[in-house]
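If you want the building blocks of each chain, they are given just below.
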There are 2 protein chains.
Amino acid sequence: MRPMADKGVGVTSPEHIRICEPPDEFNLQSGRILGPIDVAYESYGTLSAQKDNVILVCHALSGDAHVAGFNSDGESKPGWWDPMIGPGRALDTDKYYVICTNVLGGCKGTTGPASINPRTGKPFAMRFPVVTVRDMVDLQARLFDALGITELLCVIGGSMGGMQALQWAVSYPDRVRSIIPLSTTGATSPLNIGFNKICRRSIMNDPNWRDGNYYESGEEPVDGLALARMIGHLTFMSDKSMRRKFGRRISGREGIYAFTAQYDVERYLHYNGYNFPRRFDANSYLYLTKALDTFDLAVDFPGGMEEALSLIECRVRFFTFTSDWLYFPEDTEELTATMKKLGKNVEHISVESDYGHDAFLIEYEKFAHKVSEFIGSLGGC
Amino acid sequence: MRPMADKGVGVTSPEHIRICEPPDEFNLQSGRILGPIDVAYESYGTLSAQKDNVILVCHALSGDAHVAGFNSDGESKPGWWDPMIGPGRALDTDKYYVICTNVLGGCKGTTGPASINPRTGKPFAMRFPVVTVRDMVDLQARLFDALGITELLCVIGGSMGGMQALQWAVSYPDRVRSIIPLSTTGATSPLNIGFNKICRRSIMNDPNWRDGNYYESGEEPVDGLALARMIGHLTFMSDKSMRRKFGRRISGREGIYAFTAQYDVERYLHYNGYNFPRRFDANSYLYLTKALDTFDLAVDFPGGMEEALSLIECRVRFFTFTSDWLYFPEDTEELTATMKKLGKNVEHISVESDYGHDAFLIEYEKFAHKVSEFIGSLGGC
């Protein structure tokens, strides 16, 4: 599906807004308080006069607000979900106002651990409070307050983005008309927590991490963050896609029986791992994986997941991909069954795919039309 | 099935032998030469006069020769496959002579990177040659030469142990009457190579690793090896078993929204990770994961896997466990199908289990009787 025949959204630019400035403040799920908060976002299309055509796209762990188009003519790659967004695309910018915000705790323009702590004049580092998916969503709601947008036509996202979509439906049932969570869960599994712990450990093991205080040292924990990214990357693929993509191909000048010899899969992980620290902050990775770990829609409900889901009023269309072994489709099946039992308007579309957890960033042709059809069926635009 | 009603093999002690002493030498698959080589092994039961009752147990990545019984009265845990071995157990020491050797490249008595290089008087460290599963098997064959044992009744093992069993059948078709490979593959997958690469990277990232020259520094790469072990451990479990064992339980004095708070799965990984460096050498972990990566029965055969498998003459009974997502049962299905096509005497028993790759070390009651029945059916004892 890439490159697209049409032009997409073209050259775009991020916007920045400061909210929750004193005497206002932002209350975190932990009970701690934060503010002022900078929010970076991008938007595409035109907000209707009734402000009823807003689609919020939520990004995953390593994403950012730059979801479509090019931030400059020289940029080699478009935003991370570009094939989904533009005139005539699934999120049709001729009809909808599409917006994506960098999440709270991120490192691409929204306040996070690399931001300056106004109380000290230095980066927060590990003094930044632990933030949650609910906090990310609450901050997005505050942004929409500032923009005068009261209702969202749809909240859509995969993985951590899907968690945000679900959290929107539970936290703000009167502000959201539909959600499309892809490749996600209602509560992070111990397998995922385990992988996240290992990613954090690999960063914290890096001597350049210095308990998070590396910003002024001139040496960042590149090896640790690269290793964390390799772990992430591996869990985003699938056995089948890797056999196809890499097989057992290997190259090395000293022959294959040497540590210098690298299987193609090793070179791929290395390349992607070491690309990552150029664009991502290690402490932010710690905070966002922690946000994944604490994600549990049911956490504050004595009645558990059923009570949380009972609050949902909007239409829900889940997508899962059969080879995803990080966020198992069974999780979504269970959520769907519970919501159906509660009389909710919910569908689950299982997409046959070999691309594992990353399928929602790859196999657009398998689900994009089912996204546009769903949003088109909501009416009111 | 643990603790066992019967006594098992009781107190056992490792044996040590030096082989391949000059002018003899050991030729590695890489073309390099090694020798002399120390081999540590344990044996249980009595070798028959005809020397026709030998069962070779092959250990996995982090195992060793101490497969059953206690090396001293004070030892808290028996050998790693104790429930399988003893009078009346699956590998019945009243009938069979059961032997297990620490693999080449290991760190529990057999020559490996921590051993003294006779040419320098210092540990080999990363000057140790890359060894392969075929080398491990060749060394076992040399040991049996030294012990005057020409034929093995059965070679059995899980994971890397299963690779050795398969390699025995291919390399020494006239010396082995049956093999029982559990939870294994005929060629390591790119997913596994990816995980192994990440494990090695976590060790090599540790500043105490010092390019492998840590033996005399007084500081071992404990953090790196512990992290590698955590990754391994996580991949040995399954989503289901982890949900049951850990769920989302968490504890922390500062509440759950703090980095000091630890989910139970995190504490488990940490505990097991940091226990490991006490009993395992980091360089050995590098060499053994490299041996896993290079494992491919077909590597030296122009006709590929079919040609390799065509050499097998013995009976084969494979075991896989349904929730194993590290060594997929589909791999074994494919091997079985190919061997059947070639007219080999092969069976594949799929065991329903939630315990993932580790099932062969846990759910003995589900397969032990099918091991003993198979070996009993071989006759000749």
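Please read all numbers here as calculations on a predicted model, not as lab measurements.

Asks: How should I be thinking about the environment of Ala337(A) in this particular structure?
Replies: Position of Ala337(A) among the secondary structure elements: in helix α9 (residues 329-341). Linking Ala337(A) and Thr185(A), residues 152 residues apart in sequence, is a C-alpha distance of 13 Å.

Asks: Quick question: what am I supposed to make of the interface of chain B and chain A here?
Replies: When the parts of a complex come together, some accessible area is lost, and that lost area is often used as the size of the interface. Taken together, the contact between chain B and chain A spans 43 residues of the former and 43 residues of the latter. Elements that contribute at least two residues to the side of chain B that touches chain A include exactly α3 (190-204), α4 (222-236), α5 (239-245), α6 (264-275) and α7 (282-294) of chain B. Of the residues contributing to the side of chain B that touches chain A, the split by class is 23 nonpolar, 9 polar and 11 charged.

Asks: Would you take a moment to explain the domain arrangement of chain A for this structure?
Replies: Residue and element names in this part refer to chain A. Along its sequence, chain A is carved into domain 1 (15-188 + 296-376) and domain 2 (195-288). The C-alpha-based centres of domain 1 and domain 2 are spaced at 26 Å. Taken together, the contact between domain 1 and domain 2 spans 22 residues of the former and 16 residues of the latter. Residues of the side of domain 1 that touches domain 2, tallied by class, amount to 13 nonpolar, 7 polar and 2 charged.

Asks: Sorry if this is basic, but what is going on with α6(B) here?
Replies: Within an α-helix, residues lying three or four positions from one another point in the same direction, as the helix has 3.6 residues per turn. Taking 1.5 Å as the rise per residue, α6(B) with 12 residues should run 16 Å; its terminal C-alpha atoms sit 16 Å apart, in good agreement. Burial in α6(B) covers these residues: Val265(B), Glu266(B), Tyr268(B), Leu269(B) and Gly273(B). All buried residues of α6(B) project into a common sector of 160 degrees when viewed along the axis, lining one side. Of the surrounding secondary structure, the elements contacted by the buried residues of α6(B) are α3 (190-204) of chain A together with α4, α5 and β14 (262-263) of chain B.

Asks: Hey, could you run me through the nonpolar core in this one?
Replies: The nonpolar side chains of a soluble globular protein tend to be buried with one another. Ile179(A) and Ile179(B) are the most contacted members of the largest nonpolar core, which totals 235 residues. Apart from the residues within four sequence positions on either side, Ile179(B) is in contact with Cys154(B), Val155(B), Ala165(B), Leu166(B), Trp168(B), Ala169(B), Cys314(B) and Val316(B).

Asks: So what exactly am I meant to see when it comes to the packing of α3(A) against helix α4 (residues 222-236) of chain A here?
Replies: Pairs of packed helices are described in terms of their axes, by the angle between the two and the distance that separates them. Residue and element names in this part refer to chain A. In the contact formed by α3 and α4, the axes pass within 7 Å of each other and the chain directions differ by 160 degrees. For the element pair α3 / α4, the angle class is roughly antiparallel. Considering the relative orientation of α3 and α4, their crossing is right-handed. Residues Phe195, Ile198, Cys199, Ser202 and Ile203 of α3 lie in contact with α4, whose contacting residues are Gly224, Leu225, Leu227, Ala228, Ile231, Gly232 and Thr235. Residue composition of the contact of α3 with α4, by class: 8 nonpolar, 4 polar and no charged.

Asks: Would you take a moment to explain the environment of Phe280(B) for this structure?
Replies: Residue and element names in this part refer to chain B. Its location among the elements puts Phe280 in the loop between α6 and α7. In sequence terms Phe280 and Gly106 are 174 residues apart; their C-alpha atoms lie 8.8 Å from each other. With residues near it in sequence (within four places) discarded, Phe280 still touches Ser62, Cys107, Leu225 and Tyr285.

Rules behind the numbers
- Residues numbered from 1 in each chain as written.
- Chains lettered and ligands numbered in written order.
- Predicted model: local features only at pLDDT ≥ 70, side-chain atom pairs only at ≥ 80, totals over all residues.
- Helix = DSSP H or I, 4+ residues; strand = E, 2+ residues; numbered from the N terminus.
- Contact = placed C-beta atoms within 7 Å.
- Nonpolar A, V, L, I, M, F, W, Y, C, P; charged D, E, K, R; others polar.
- Domains from an automatic or database assignment.
- Expected span 1.5 Å × (residues − 1).
- Buried ≥ 20, exposed ≤ 12 C-beta atoms within 10 Å, placed from the backbone.
- Arc of directions from axis to C-beta.
- Core = buried A, V, L, I, M, F, W, Y, C linked by C-beta atoms within 7 Å.
- Axes fitted to C-alpha atoms, helices over the stretch in contact; angles between N-to-C directions.
- Parallel < 35°, antiparallel > 145°, perpendicular 65-115°, else oblique.
- Left-handed = near helix turned anticlockwise from the far one by under 90°.

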